[in-house]
Every structure is written in C-alpha cells, then in structure tokens.
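# Results of the structural survey
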Amino acid sequence: MKSTLARAAGTGGSVVVDRCQVCDGRDLEPIIFVGYLPPVNEMPAIGTRPAEQPAYPAQVLRCPRCELVQLGLIVDPAILFPPSYPYLSGTTRILRENFAELYRESARLLGLRREDLVVDIGSNDGTLLSNFKQAGHRVRGIEPTRAGDLANERGIPTDIAFFDRTAVDRVLATEGPATVVTATNVFAHIEGIHDITDAVVALLTEDGVFISESHYWLALVETLQYDTIYHEHLRHYTLASLTYLLAAHGLEVIHAKRIPTHGGSIRVYAARKGARPVQPTVAGLLAEERAALTDEALARFRRGVVASKLGLYALLKDVKARGERVYGIGAPSRASTLINYVGLDEGILDCVLEIEGSHKIGKYVPGTLIPVLHERKLLADQPEHALLLSWHIADELMPKLTANGFRGGYIVPLPQPRILPPTR
Ligand SMILES: [Zn+2]
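Residues numbered from 1 in each chain as written. Predicted model: local features only at pLDDT ≥ 70, side-chain atom pairs only at ≥ 80, totals over all residues. Heavy atoms only, no water.

### Some remarks on the sheet that holds strand β14 (residues 326–329)
- Taken in spatial order, the six strands make up an open sheet running β16-β15-β14-β17-β18-β19, and their pairing is mixed. With one partner strand each, in any of the chains shown, β16 (372–374) and β19 (418–420) form the two edges of the open sheet. Put simply, the sheet's adjacent strands are angled 35° from each other on average, direction ignored.
- Examined bridge by bridge, strand β15 (residues 351–354) and β16 share three bridges and lie parallel to one another. In the sheet register, E354 faces β16, and the bridge partner there is H374.
- Relative to strand β17 (residues 385–388), helix α13 (residues 394–403) is tilted by about 155°, and along the sheet it contacts β14, β17, β18 (409–412) and β19. (Pairing = 2+ DSSP bridges. Helix = DSSP H or I, 4+ residues; strand = E, 2+ residues; numbered from the N terminus. Axes fitted to C-alpha atoms, helices over the stretch in contact; angles between N-to-C directions. Contact = heavy atoms within 4.5 Å.)

### Notes on the packing of aromatic side chains
- As enumerated under the stated definition, the model contains seven aromatic pairs in all.
- An aromatic cluster is present here, built from F187, F210 and Y237 joined pairwise through their rings. (Phe/Tyr/Trp six-rings, centres within 6.5 Å; stacked < 30°, edge-to-face > 60°.)

### Describing the nonpolar core
- Ranked by internal contacts, the top residues of the largest apolar core, which has 109 residues, are F163, W217, Y226, F301, L344 and L388.
- Among the elements that take part in this core, helix α10 (residues 295–321) stands out by supplying seven residues, more than any other.
- Contacts of L388, omitting those with residues within four sequence positions, involve I329, A394, L397, M398, L401, Y410, I411, V412 and P413.
- If you look at the next biggest cluster of nonpolar residues, it comprises 18 residues, including L110, L112, F132 and I211. (Core = buried A, V, L, I, M, F, W, Y, C linked by side-chain atoms within 4.5 Å. Buried < 20%, exposed > 50% of the residue type's maximum accessible area, 1.4 Å probe, protein only.)

### Quick look at the pairing of β17
- A two-sided burial pattern is seen for β17, the buried positions comprising H385 and L387 on one face and A386 and L388 on the other.
- Note: β14 against β17, four bridges, orientation parallel. Looking at β17, one finds that Y327 is bridged to A386.
- The pairing of β17 with β18 spans three bridges and is classified as parallel. Looking at β18, one finds that H385 is bridged to G409.
- With α13 bridging β17 and the parallel β18, this β-α-β connection has right-handed handedness. (Right-handed = clockwise from strand over helix to strand, strands pointing away.)

### Quick look at the pattern of salt bridges
- What the rule picks out here adds up to 25 salt bridges.
- Between R140 and D159 there is a salt bridge whose closest N-O contact spans 3.1 Å. Taken together, the positions of R140 in strand β7 (residues 138–142) and D159 in strand β8 (residues 158–159) put the pair 19 residues apart, joining distant regions of the chain.
- Its salt-bridge partner being R325, residue E384 comes within 3.2 Å of it at the nearest N-O pair. Here E384, found in the loop between α12 (376–381) and β17, pairs with R325, found in the loop between α10 and β14; they are 59 residues apart in sequence, far enough to count as distant.
- For E384, a relative accessible area of 31% translates into the label partly exposed. (Salt bridge = Lys/Arg side-chain N within 4 Å of Asp/Glu carboxyl O.)

So, to be careful, I would describe these as geometric facts and stop short of saying anything about function.
Listed below in structure tokens is the structure:
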C-alpha cells in the first residue's frame, strides 16, 4: 500500500493533506480546527521586537475508509525541529514507570529469551532499552538527536540516525533481525508512514513483534485534549486505524491496551499474521472505540472544546478584574496550542515558568509576548494563581508545588476549567 500524498520534508514549507496518509482516500471529514499555530520550537528571545513569523493551520480530519484521524497540514520537519532544537533527555516518573512495565509485560507475553535482540526507534537517551539490557537481552537504539550520544555513554549501543531502510540494513548486517522492535511516542510523528512500517517489518524475525505506543485519539476526545493538536502530531491513532495500517503490511494486532502516558496513550503489539496468538484485549478495545467514537460523541467533543475556551475566559475575566496575577506552570508544546487557541496574552498570563535548565527560559511563548521565566519566581512572587498548562498531570503537580512553599491557588484549564483555592 502506498499514499500518493506529497512529502513536506525538504520543501521548506508545508503540504496540505488532500488525501489520507494511510489509505489515499480523498474523502476526509473535518473534525476540529484550532486555528493557525506558530511552530512551537521558534521562540524569540525576550525583548526581541516582534517580527514576521510563520503560522500553520491546525485542522484535524478523519478518514471514513481507514478511520485514521490526521492533521490537515504537514510541515517540513526542518521547520519543526530546527538545528537549534535541543534534545530532551531525562524522563518523567510516569514515563520511566511505563517503560519498566512495558519491559515486564513484553517479556512475559512474548516469552523473550536472553539472546533476543530488542531495537528501539527514537530511543532518546536509552531509558526504555536499559530495562531490556538489565535483563540480559541484546539491545540497539536508533536515535537522530544527540540524546543518542548520552545513551552510548550509558552503555546502550545507539546509532545516531533517522529510522529508515538504511538504518535497518545496518542493524541486520551487524546484529541480525530483531525479536522486538519498539516505537514509543514516535509512530504518529513521522511522515511517509508506509516506508517506516515496511522498514519495521524488514527488521523483524519471523515471529518478531512490533510494539508501538502513541497518544490515543479516544483519550483525546474523552478529556478534550485539543491542546495535543500541533504539527508534530501528524496522526492521532485509534486501535481501528492502526489495525488497518498494520494489516496493509501483513501485520496483525495481537495485544492492545490503554496506558497513562502523555495524558492517555495506546500500546499495541503486532506480529506477522498468524505468527502469534491474538489476545482478547484486541476485540475488547475495538468494541470500546466503536461504542465511544460515534458522530454524536465527536460533535459533543467539538462543543466541549469551545465551551472550555469560553469557560476559561470567564474564569480569567473575574481573576483579572480583581487585579490578581496568573503565572503559567510549564511550557510544553501543548501549552502553545492552548495559549494560542484560547487567545491568552501577556496581559492575562503574566508569565510562564519553566524548571532550571530549560532552554525555553528567557524566551517568549510562540506567537505571544508572554515571557518564559525561571520557576523560582513562583515562590519569590507568590502570585494569586498558578495556571497548570500540564494539566493532565495536575494531581501530581499541585501537591508538589504546595509542598515546595507555593501559597496561591490553582487554575486547571481542562477538561473543565476550574479554580482551586490555596490549600493552606
Ligand atoms: Zn484513510
């Protein structure tokens, strides 16, 4: 299977998705439009006079044939990931725990033997592979950023390269085929999905298993996570759409489940058709999706997103009328979508705070003049409110900030905008 959609890579611009990235269908249904978004990694330094800046439309489309949910515009990765783009190393607790659990689950479910090779696509600093290595398996990472150097220093053999057929041939020549190929939080991000999937299949042993983890469209709809819509996320998968995509390459889904990372993700195991028994989890999750993702549910999602925007505005109107300060906590990519979609500016959101060492400190939030400053300002200034831009981990963040000495209250923007008074 091929898509005839033009490639954005190398254009220096963008490509309108006029046919499905997976099945080439042209009959794509619009689901939601969150406006024109500036590239999230273009952050001018504080004090820079605002200059011309690109912005790319972010419309989400659904293909009725293969059920893929996808962004309506693909931007050249050279724009989204400029050379100055700093790699992200180190992971959150929830990610580390998830990787340890992925290791335990796959070792048990697949009956892994010590000599088996495990290859991780987009392996970052090697955190996932370190779990397999500790258990005695052979491991190999493939990572295009400098995070791969860090992995090599930690003893996780890593090729500094993009994942493609050339990278696969290099692994095959030195290590042979892989029993497990993993791709966590990368399978929805790369264009040319059929080439990528072909390369995965070429890397697998006859009974090898491809395990992918991606942010999950059902979770996005359930909890109104429109803020995960930005141009790095080319596709929003369901199990149904992944099943269609993988089947086009001779792969069959053998196990699937929901996991808590990134505000709600899906982990899917796939093997060559007939090579491994299919777990009942697959039919279970497919049925759950069919029941939950109705046209009516998508219409409710659209209304809910608009209501959350108006609700947040109403709440902030009262806060600002009282002359109170609002500091944002954290400037992940999703914060840029929320801030730009809702229309927050530096008169509403005084600043956004990032942790020590963040490359974003000293810059403006994309598309705004909201400064990103060091987190120490929260305790020094004690603003009346902290707006949790990483609201999907609000339950983890609030007790931590309060324990650190923050005496103000919290504003949680989604799914229901709400204001929580100071806890002491
Ligand atoms: Zn399609």
